[in-house]
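# What the coordinates show
Here's the letter readout for the chains.
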Amino acid sequence: MPTTLLGSYLHLRPSSTSSHVTIWNPNTPDWIFLDNTAFGLDNPAVTWHSRTVVIGQHGLVDFAIGLYCCSDAALLNGHIGCFCFLFDFVLLSPAGMINLGMASLRLYAGLVGCRSGFCARSLRTLSGMTVSQIDEEVAKLLELKVQLGGDEGRHQFTLKTAKGTRDYNPKQMAIREKVFNTIIGCFKRHGAENIDTPVFELKETLTGKYGEDSKLIYDLKDQGGELLSLRYDLTVPFARYLAMNKVTNIKRYHIAKVYRRDNPAMTRGRYREFYQCDFDIAGQYDPMIPDAECLKIVHEILSELELGDFRIKVNDRRILDGMFAVCGVPDDKFRTICSTVDKLDKMSWEDVRSEMVKEKGLSEEAADQIGQYVSLQGGMDLAERLLQDAKMSQSKQACAGLTDMKQLFSYLQLFQVTDKVVFDLSLARGLDYYTGVIYEAILTQTGPVPVAAAQNGAGEKAEEGVSVGSVAGGGRYDGLVGMFDPKGRKVPCVGVSIGIERVFSIMEQKAEASAEKVRTTETQVMVASAQKNLLEERLRLTAELWNAGIKAEVMYKKNPKLLSQLQHCEDSGIPLVAILGEQELKDGVVKLRTVHSREEIDVSRAKLVEEIKRRTSDD
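Residues numbered from 1 in each chain as written. Predicted model: local features only at pLDDT ≥ 70, side-chain atom pairs only at ≥ 80, totals over all residues. Heavy atoms only, no water.

### Observations regarding the pattern of salt bridges
Taken as a whole and assessed by the stated rule, the structure comprises 32 salt bridges. Arg429 is the salt-bridge partner of Glu440, the closest N and O atoms lying 3.0 Å from each other. Linking Glu440 in strand β15 (residues 437-443) with Arg429 in the loop between β14 (421-424) and β15, this pair joins segments that are 11 residues apart in sequence. One exposure class covers both Glu440 and Arg429, and it is buried. The partner of Glu584 in a salt bridge is Lys591, and the shortest N-O contact between them spans 3.8 Å. Note on Glu584: relative accessible area 13%, which makes it buried. When salt bridges that share partners are traced, they join Arg189, Lys296, Glu300 and Glu304 into one network. (Salt bridge = Lys/Arg side-chain N within 4 Å of Asp/Glu carboxyl O. Helix = DSSP H or I, 4+ residues; strand = E, 2+ residues; numbered from the N terminus. Buried < 20%, exposed > 50% of the residue type's maximum accessible area, 1.4 Å probe, protein only.)

Laid out in structure tokens, this is it:
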């Protein structure tokens, strides 16, 4: 109902069912009064319907205060009648009441400001009510507003996810579930057990394990005396788990979220919150057999997901350290130079060399010698050649790594995966805890990647034709568990982590490019009716199917149209419809319809479950 404020008059315009009503007029003795939930008039001729008082308390108080103040100002100025404001809103709206109250306060301020300029006429009273009484009523209203709580705490929310995070809709979650099932199936096929660890650890547990990447750890505020951090990966918590529980042999997998205060690249599948899928083998075994199985697992998962062509790069920390030693890198610079070499997949050799020389203080001669080695790639033949190299053969550490590399490739040949594995001396993996073989899987094709960043409203620019890059990585870390054990007892470990978010980016791209519809539910059959008044029969049949382990749905309407029920099946990808009608009930059958072919057959009620299972066994 529109309202008009004229000077200090407030009217409700008449509707089709009511006459014109004056809420307040300074020339009448009637006055507005207020309680906690509503206000009315002393004049019994004015009736307030219940719906007019179901409004926000804050807005009501502001409205009343505004009217009082506006009337005061009008009296002080002799009610000159030159102020007219129109407000087109419905009086029932709480937001409208607030707006009217604020506008009245602004009117009051304007009128009072004019008072000195107009040399106001003598003060009038309103049917015995003085200005001091009005002020007293306003004070009461202001006190009530304080009790109710003001509007200071209200603010506009920016609806976006935090930087480096995203939401997933049902279609995206269906893709994620398919990927997870593929990965978990592979892990279980290789005999892995599942564990879980807390999402945060003691800060000292994570400190000093990640080299230069330690700055990316999320620290939590002190709560109760413990200094905590969100887990950076799943490997260090696993090592802590082994040491704390005195576990010396286990083959485990762990799928959970980790957190890194990194610079996110949403279009490349790089986030601050993301899942890792880890597979690790802990225990004392003969060299390179567990390591070869980890590489076989990576090969199986990437092949089964059909992400495109990929390559698995392999190296060994002992080979790297031996290479640094024979090239003249000081011992105290091994780890920092290793972190720089690890950037070769993102930077050119010239930039990497410049960083080693200018930022890390390495001599140009040493950098140039490193450059000769990190450009080498090959297989078992490269390992044999380096064993004969004049410089590398001087390092016992490098020779031990090269000997194991030859053994690794012999096992990989038996596993039939050498077509995708390459010995690459530029692979460094900057994490401090690696002690032996290291590896990383990369996708070798490039293509447009869907812009997931648009969901978080942060305005990241889309990148076209970008490479997703590394999708898996891992290695051997024989000394990590000993760092947590009070007696320093070591448990040799090797493992791999699948970069699941980057895999999701590729899978989403493929789903969008494909015309195939992604199902977001696993419903096998929709229970429908062709006639009215069959709700109870539909619910009874649905319960029978649920009790038999059939995934079934029913529409939540008493008398839904058959066309609407069939359309729901088309849209959701539900393969079958069990249709009930009066004749079917009499005959003790159900009409079973195949959605895509529209073929219909009558099935005995007793054999319905068996028929549904037979028809959906391949889904």
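### Topic: the confidence of the model for the protein chain
Should the pLDDT be low somewhere, the predicted coordinates at that spot are not to be read in detail. In the predicted model, the protein chain carries a mean pLDDT of 78, and the fraction of residues at 70 or more is 74%. When mean pLDDT is taken per element in the protein chain, strand β7 (residues 193-194) scores highest with 97 and strand β6 (residues 84-87) scores lowest with 33. This model gives residues 1-65 a pLDDT under 50, and the stretch forms 149 contacts once residues within four places in sequence are excluded. Below pLDDT 50 for its whole length, residues 446-467 participates in 47 contacts with residues either more than four positions away or in separate chains. (pLDDT = per-residue confidence, 0-100. Contact = heavy atoms within 4.5 Å.)

### A few points about the packing of helix α10 (residues 349-359) against helix α11 (residues 364-374)
Orientation of α10 relative to α11, taken along the N-to-C sense of each, is 145°, at an axis distance of 10 Å. Read as a crossing pair, α10 and α11 show a hand that is right-handed. Mapping the contact onto sequence places Trp349, Arg353, Met356 and Val357 in α10 and Glu364, Ala367, Asp368, Ile370, Gly371 and Val374 in α11. (Axes fitted to C-alpha atoms, helices over the stretch in contact; angles between N-to-C directions. Left-handed = near helix turned anticlockwise from the far one by under 90°.)

### Concerning the packing of aromatic side chains
Taken as a whole, this structure holds 9 aromatic pairs when the rule is applied. Ring geometry for Tyr210 against Tyr232: centres 4.3 Å apart, planes inclined by 45°, an arrangement best described as tilted. Here the residue Tyr210 occupies a position in the loop between α5 (203-206) and β9 (228-230), and Tyr232 occupies one in the loop between β9 and α6 (235-245), the gap between them amounting to 22 residues. By relative accessible area, which is 0% here, Tyr210 ends up buried. Taking the relative accessible area as the measure of exposure, Tyr232 reaches 2% and is therefore buried. Counting every residue linked through ring pairs, the aromatic cluster contains Tyr210, Tyr232, Tyr433, Tyr434 and Tyr477. The lysine or arginine in question, Arg176, covers the ring of Tyr168, its NZ or CZ lying 3.9 Å from the ring centre. Above the plane of the ring of Phe310 lies Lys420, whose end atom (NZ or CZ) is 5.1 Å from the centre. (Phe/Tyr/Trp six-rings, centres within 6.5 Å; stacked < 30°, edge-to-face > 60°. Lys NZ or Arg CZ within 6 Å of the ring centre and 35° of its normal.)

### Remarks on the sheet that holds strand β21 (residues 589-594)
Strand order in this open sheet of 5 strands is β19-β18-β20-β21-β22, and the pairing throughout is mixed. If you trace the sheet from one side to the other, it starts and ends with β19 (552-554) and β22 (600-604), each paired once. Taking the axes of each pair of neighbouring strands and ignoring which way they run, one obtains an average angle of 30° across the sheet. Two elements, strand β18 (residues 525-529) and β19, share 3 bridges in a ladder whose sense is parallel. Its bridge partner lying in β19, Met526 is registered against Glu553. (Pairing = 2+ DSSP bridges.)

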